[in-house]
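These are the residues of each chain, in order.
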Amino acid sequence: MIETLQWTTLVICALVAVARIPSTIRGENRSLFGIFASMTLAILLSIPGPYIVIDQALGGINLANLLLRFVIFGAIFFMGVRISRGFDARDAGRLITGRVGVAVLAVISACMVTLFFMMHTSGSSAGLTGVVGTDPWNSALLEYYGAAGRAYPAYITLALLPAMVRAVTSRLPVLIRVAAALLGLGAVATGLSLSFPLIPPTLGQIEFIINYTAVLCFVVGLTLIWAARVVSGRTAASRRTSTEK
């Protein structure tokens, strides 16, 4: 089930990214292509097969996992900027790009990198499940490292959540409100990732479901916003044509 969910999410992200290429070449909304491409790379790096190949090329010490974390940070940052501007959420925008947001990113990144190099990470293992070992110190470091990796995406998405709630209850077009609902659901799912240490190992599949639910909600939500703009543009063009006639 998990493998099917991973590959399905990868295919959806890749198809949406490819669909954005013509618009990107024309110079339209290039940030959207960057977001979708980053999400595609992040999903690829989370799948064991591709992960091991990439990590072996990087030295086999799980640098691919650290790369994955920063790819997610980049995707979530630009997504946050894009959404905050699109919904005129200035409060969220300040939390993301202002001094507080920059400080949060810097502190979390520094902690994550420090924790990574303090751990024993030899032996490529997707999700670092194979490097835990029996050393309680290494296990603790891994927990802190994972928490740092989840903290920044949760910060960004929870900063956006109030704006998504306002959009859902507004009189915006239906597609936009549905998109806002999906983005809000993705934000909640990302926030729930902070509770992963409380989930028993026997229920580990829940973590995958939460993570991929968030990704799919973000991708579909952004795609609906794109679709709404296309529909709005065509409607406006049709009205201009009718007026000219």
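Look up a bit, the structure's there.
Residues numbered from 1 in each chain as written. Predicted model: local features only at pLDDT ≥ 70, side-chain atom pairs only at ≥ 80, totals over all residues. Heavy atoms only, no water.

Peer 1: Lay out the packing of helix H5 (residues 63-86) against helix H7 (residues 99-118) with the relevant residues and their values.
Peer 2: In contact at an axis separation of 11 Å, H5 and H7 are set at 170° when each is read in the N-to-C sense. Considering the angle they form, H5 stands roughly antiparallel to H7. Residues Leu63, Leu66, Arg69, Phe70 and Phe73 of H5 touch H7, and the partners they reach there are Leu105, Ile108, Ser109, Met112, Val113, Phe116 and Phe117. Among the residues forming the contact of H5 with H7, the class breakdown is 10 nonpolar, one polar and one charged. (Axes fitted to C-alpha atoms, helices over the stretch in contact; angles between N-to-C directions. Helix = DSSP H or I, 4+ residues; strand = E, 2+ residues; numbered from the N terminus. Parallel < 35°, antiparallel > 145°, perpendicular 65-115°, else oblique. Contact = heavy atoms within 4.5 Å. Nonpolar A, V, L, I, M, F, W, Y, C, P; charged D, E, K, R; others polar.)

Peer 1: Residues and numbers for the side chain of threonine 190, please.
Peer 2: Tracing the backbone shows threonine 190 in helix H9 (residues 174-192). The exposure class assigned to threonine 190 is buried, which follows from its relative accessible area of 9%. Setting aside anything within four residues of it in sequence, one finds threonine 190 in contact with Pro153, Ala154, Thr157, Ala214 and Phe218. (Buried < 20%, exposed > 50% of the residue type's maximum accessible area, 1.4 Å probe, protein only.)

Peer 1: Any chance you could break down the environment of tyrosine 145 for me, citing the residues and the numbers?
Peer 2: By secondary structure assignment, the location of tyrosine 145 is in helix H8 (residues 136-168). With 79 residues separating them along the chain, tyrosine 145 and leucine 66 place their C-alpha atoms 9.7 Å apart. Not counting chain neighbours up to four residues away, the residues in contact with tyrosine 145 comprise Asn65, Leu66, Arg69, Met112, Leu115, Phe116, Met119 and Leu128.

All we've got here are geometric facts, nothing functional implied.
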